[in-house]
Amino acid sequence: EFEEMTCSNECGEMIERRYLTSHVETECPCRKVTCQYCYERVDYRYIDYYHKEVCSKLPLTCPNKCEVGTVLREDMEAHQNECPLEMIQCEYHNVGCEVRMARK
């Protein structure tokens, strides 16, 4: 009960046997959690500040604040290629026009 054990999540912590289950399941920064967007299993310590920067299923707000609202990260590039509020070059830019306007 008071014997110290190494965390099975490999965080390096030595935990008294009586606290080991609680540590492994709810406290350890190396415990696996499931991303609510892509369902990938990720270390708890990475879920907020790393995984959410790369998760392909994370809903993002359109940078142009169009009526679509949110777009999955994996679809953002395609959305920006058709977003009516995306700023594009004038159709005459190849002859020198430097005006930029919303796509719509």
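Residues numbered from 1 in each chain as written. Predicted model: local features only at pLDDT ≥ 70, side-chain atom pairs only at ≥ 80, totals over all residues. Heavy atoms only, no water.

Caption draft 1: View of the overall build of the chain. Of the regular secondary structure elements, the chain holds three helices and eight strands. Taking 2.2 N^0.38 as the reference for a compact globule, 104 residues should give roughly 13 Å; the C-alpha atoms of the chain span a radius of gyration of 24 Å, well beyond that estimate. Seen through its C-alpha atoms, the chain measures out along the principal axes to roughly 80 × 25 × 15 Å. Scored against the burial criterion, the 104 residues of the chain give a buried share of 23%. Of the contacts made within the chain by residues no fewer than 6 positions apart, 0% connect residues no fewer than 24 positions apart. Total accessible area computed for the chain in this model is approximately 7700 Å², and 48% of it derives from carbon and sulfur atoms. (Helix = DSSP H or I, 4+ residues; strand = E, 2+ residues; numbered from the N terminus. Rg over C-alpha atoms; globule rule 2.2 N^0.38 Å. Buried < 20%, exposed > 50% of the residue type's maximum accessible area, 1.4 Å probe, protein only. Contact = heavy atoms within 4.5 Å. Areas by Shrake-Rupley, 256 points an atom, 1.4 Å probe, with all protein chains shown as cover.)

Caption draft 2: Structural detail: helix α1 (residues 17–27). For α1, the set of buried residues is Leu20, His23 and Val24. In an axial view of α1, the angular spread of the buried residues amounts to 90°, which keeps them on one side of the axis. The exposed residues of α1 that point more than 90 degrees off its buried face are Glu25 and Glu27. On its buried face, α1 is in contact with β1 (4–6) and β2 (14–16). (Arc of directions from axis to C-beta.)

Caption draft 3: Spotlight on the pattern of salt bridges. By the definition in use, this model includes six salt bridges. We note a salt bridge from Asp43 to Lys32, for which the minimum N-O separation is 2.8 Å. Of this pair, Asp43 sits in strand β4 (residues 41–43) while Lys32 sits in strand β3 (residues 32–34); the two residues are eleven residues apart in sequence, bridging distant segments of the chain. Of the charged contacts, one joins Lys52 and Asp48 as a salt bridge, the two residues approaching to 3.2 Å between their closest N and O atoms. (Salt bridge = Lys/Arg side-chain N within 4 Å of Asp/Glu carboxyl O.)

Caption draft 4: Representation of the side chain of Asp43 in the model. Classification of Asp43 as buried rests on a relative accessible area of 11%. Other than its neighbours up to four places away in sequence, Asp43 contacts Pro29, Cys30, Arg31, Lys32 and Val33.

Caption draft 5: Geometry of the packing of aromatic side chains. For the structure shown, the criterion picks out two aromatic pairs. Plain terms: the ring middles of Tyr46 and Tyr49 are 6.3 Å apart, the flat faces sit at 65° to each other, and that makes the pair edge-to-face. With Tyr46 and Tyr49 both in helix α2 (residues 44–54) and three residues apart, the pair spans about one turn of that helix. The interplanar angle of 75° and the centroid separation of 6.3 Å between the aromatic rings of Tyr46 and Tyr50 together place this pair among those described as edge-to-face. Placement of both Tyr46 and Tyr50 in helix α2 is noted, with a separation of four residues, approximately one turn of the helix. Judged by its relative accessible area of 31%, Tyr46 is partly exposed. Judged by its relative accessible area of 48%, Tyr50 is partly exposed. (Phe/Tyr/Trp six-rings, centres within 6.5 Å; stacked < 30°, edge-to-face > 60°.)

Caption draft 6: Layout of the environment of Cys83. Structurally, Cys83 can be placed in the loop between α3 (76–80) and β7 (87–89). Sequence-wise, Cys83 and Arg31 are 52 residues apart; in three dimensions their C-alpha atoms are separated by 40 Å. Apart from residues lying up to four places away in sequence, Cys83 is in contact with Cys62, Asn64, Cys66 and Arg103.

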